[in-house]
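Summary of structural features
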Amino acid sequence: MASRVAYVEERTGGRLGYLHVPDMVASGWAEFQRLVDRAMRHDGVIVDVRFNAGGHTSELILERLNRRAVGWNGARHMGSLGTYPSQARRGPVVFVTNPYAGSDGDIVTAAAQNMGLGPVVGERSWGGVIGIDGRFTLVDGTEVTQPRYWIAFDRQGFAVENHGVDPDVVVEVGPAEWEQDNDVQLDAAIGLALAELATHPASAAPELAAPRYGTRR
């Protein structure tokens, strides 16, 4: 994902960061942790959950993204300032999804819309949020599953199942776009984030006075 990080930073002049979440299990959480510190140093952030394979960590992802910078901290001889809370966002969040994001990969964008965390760009997600249990094992070693766990949202009700999450801004990827160097969905997300920053600038640390030196005797 280093190429996507560079893509977003280069096309925004370093104003936006990029987070990729490939699934909602340990591997996706690890990928998020590798990228979040760098991403949150920017004015805004793009969260890419396309092809998200699902799992159970969407709540953790959303809790972290809901951190908003309300303070700043630093130390003597430390070059950069940190936010309070740490790794907190200073500006807009925009999500990107597609038809290959499902289960908890559906839930993360549905929940983001309900929270008002940020707009969703791309294509309607997969639409499979009823969880199953592997309850019966047959004599030949195969397993029979049964639907058991459901979820409903204030905005979508039960309609995420068998439908998916409708993006706020639809950007379809056709055969030609798959072969292009530019990413039309990321480009649309970048445009939304920059437009938001134009009207609602990112929070910034206070200006620090120049160092004061005592009179030498």
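It should be noted that the structure appears before, not after, this text.
Bear in mind that the values here come from a model prediction, so they are computed numbers and not experimental data. (Residues numbered from 1 in each chain as written. Predicted model: local features only at pLDDT ≥ 70, side-chain atom pairs only at ≥ 80, totals over all residues. Heavy atoms only, no water.)

The next subject is the overall build of the protein chain. In terms of helices and strands, the protein chain carries six helices and nine strands. Considered along the principal axes of its C-alpha atoms, the protein chain spans approximately 90 × 40 × 30 Å. A burial count over the protein chain gives 42% of its 217 residues as buried. In the protein chain, the proportion of contacts linking residues at least 24 apart, taken out of those at least 6 apart, comes to 69%. Approximately 12,600 Å² of the protein chain is accessible, and the part contributed by carbon and sulfur atoms is 52%. (Helix = DSSP H or I, 4+ residues; strand = E, 2+ residues; numbered from the N terminus. Buried < 20%, exposed > 50% of the residue type's maximum accessible area, 1.4 Å probe, protein only. Contact = heavy atoms within 4.5 Å. Areas by Shrake-Rupley, 256 points an atom, 1.4 Å probe, with all protein chains shown as cover.)

Here the focus is the nonpolar core. The biggest cluster of nonpolar side chains holds 43 residues, and the ones touching the most others in it are Val-8, Leu-19, Ile-46, Val-47, Leu-65 and Phe-95. Not counting the four nearest positions on each side in its chain, Leu-19 is found in contact with Phe-32, Leu-35, Val-36, Ala-39, Met-40, Val-45, Ile-46, Val-47, Asp-48 and Leu-65. (Core = buried A, V, L, I, M, F, W, Y, C linked by side-chain atoms within 4.5 Å.)

This paragraph deals with the environment of Ala-112. If you trace the backbone, Ala-112 turns up in helix H4 (residues 104-115). Of the residues examined, Ala-112 reaches a relative accessible area of 0% and is grouped as buried. Beyond its immediate sequence surroundings of up to four residues, Ala-112 is in contact with Leu-62, Phe-95, Leu-117 and Gly-118.

Okay, the sheet that holds strand E2 (residues 44-48) next. If you walk across this open sheet you meet the five strands as E1-E2-E5-E6-E9, and the pairing is parallel. The outermost strands of the open sheet, each flanked by one partner alone, are strand E1 (16-20) and strand E9 (169-170). Sheet topology note: the strand E5 (residues 93-97)/strand E6 (residues 120-122) ladder contains three bridges and is parallel. Across the sheet, Thr-97 pairs through a bridge with Gly-122, a residue of E6. Lying on the sheet, helix H1 (residues 2-11) is in contact with E1 and E2; it crosses E1 at an angle near 155°. Together, E1, E2, E5, E6 and E9 form the strand contacts of helix H6 (residues 184-199), whose direction differs from that of E5 by roughly 165°. (Pairing = 2+ DSSP bridges. Axes fitted to C-alpha atoms, helices over the stretch in contact; angles between N-to-C directions.)

To continue, consider the pattern of salt bridges. Enumeration according to the criterion identifies twelve salt bridges in this entry. The partner of Asp-183 in a salt bridge is Arg-4, with the nearest N and O atoms 3.4 Å apart. One end of the pair, Asp-183, is in the loop between helix H5 (175-178) and H6; the other, Arg-4, is in helix H1, with 179 residues separating them in the sequence. Across this residue pair, the class does not change: Asp-183 and Arg-4 are buried. Between Arg-41 and Asp-37 there is a salt bridge, with the nearest N and O atoms lying 2.4 Å from each other. The exposure class of Arg-41 is exposed, given its relative accessible area of 60%. One network of salt bridges, in which partners are shared, links Arg-4, Asp-48, Arg-50 and Asp-183. (Salt bridge = Lys/Arg side-chain N within 4 Å of Asp/Glu carboxyl O.)

Before going further, it helps to spend a moment on the side chain of Gln-185. Assignment of secondary structure puts Gln-185 in helix H6. Since its relative accessible area comes to 2%, Gln-185 is described here as buried. If we skip the residues at most four places from it in the chain, Gln-185 touches Arg-50, Val-96, Thr-97, Val-121, Gly-122, Glu-123, Val-171 and Val-173.

Both strand E7 (residues 131-137) and strand E8 (residues 143-149) contribute to a ladder of six bridges, which runs antiparallel. When the bridges of E8 are listed, Gly-134 appears paired with Thr-145. Connecting E7 to the next strand, E8, in antiparallel fashion are five residues, including Gly-141 with a positive phi near 95°.

Turning to the packing of H1 against H6, a few remarks are in order. Viewed as axis vectors pointing N to C, H1 and H6 meet at an angle of 45°, and their least axial separation amounts to 11 Å. Comparing the axis directions of H1 and H6 gives the class oblique. In the crossing of H1 with H6, the sense of the turn from one axis to the other is right-handed. Along its contact with H1, which presents Arg-4, Tyr-7, Val-8 and Arg-11, the element H6 presents Leu-186, Asp-187 and Ile-190. Within the contact of H1 with H6, the residues separate by chemical class into four nonpolar, no polar and three charged. (Parallel < 35°, antiparallel > 145°, perpendicular 65-115°, else oblique. Left-handed = near helix turned anticlockwise from the far one by under 90°. Nonpolar A, V, L, I, M, F, W, Y, C, P; charged D, E, K, R; others polar.)

Here the focus is a nonpolar patch on the surface. A contiguous nonpolar surface patch, about 390 Å² in accessible area, is contributed by Phe-51, Tyr-100 and Trp-178. Of note, Trp-178 is situated in helix H5. (Patch = residues over 30% accessible without salt bridge, like charges linked within 9 Å, V, L, I, M, F, W, Y side chains within 5 Å.)

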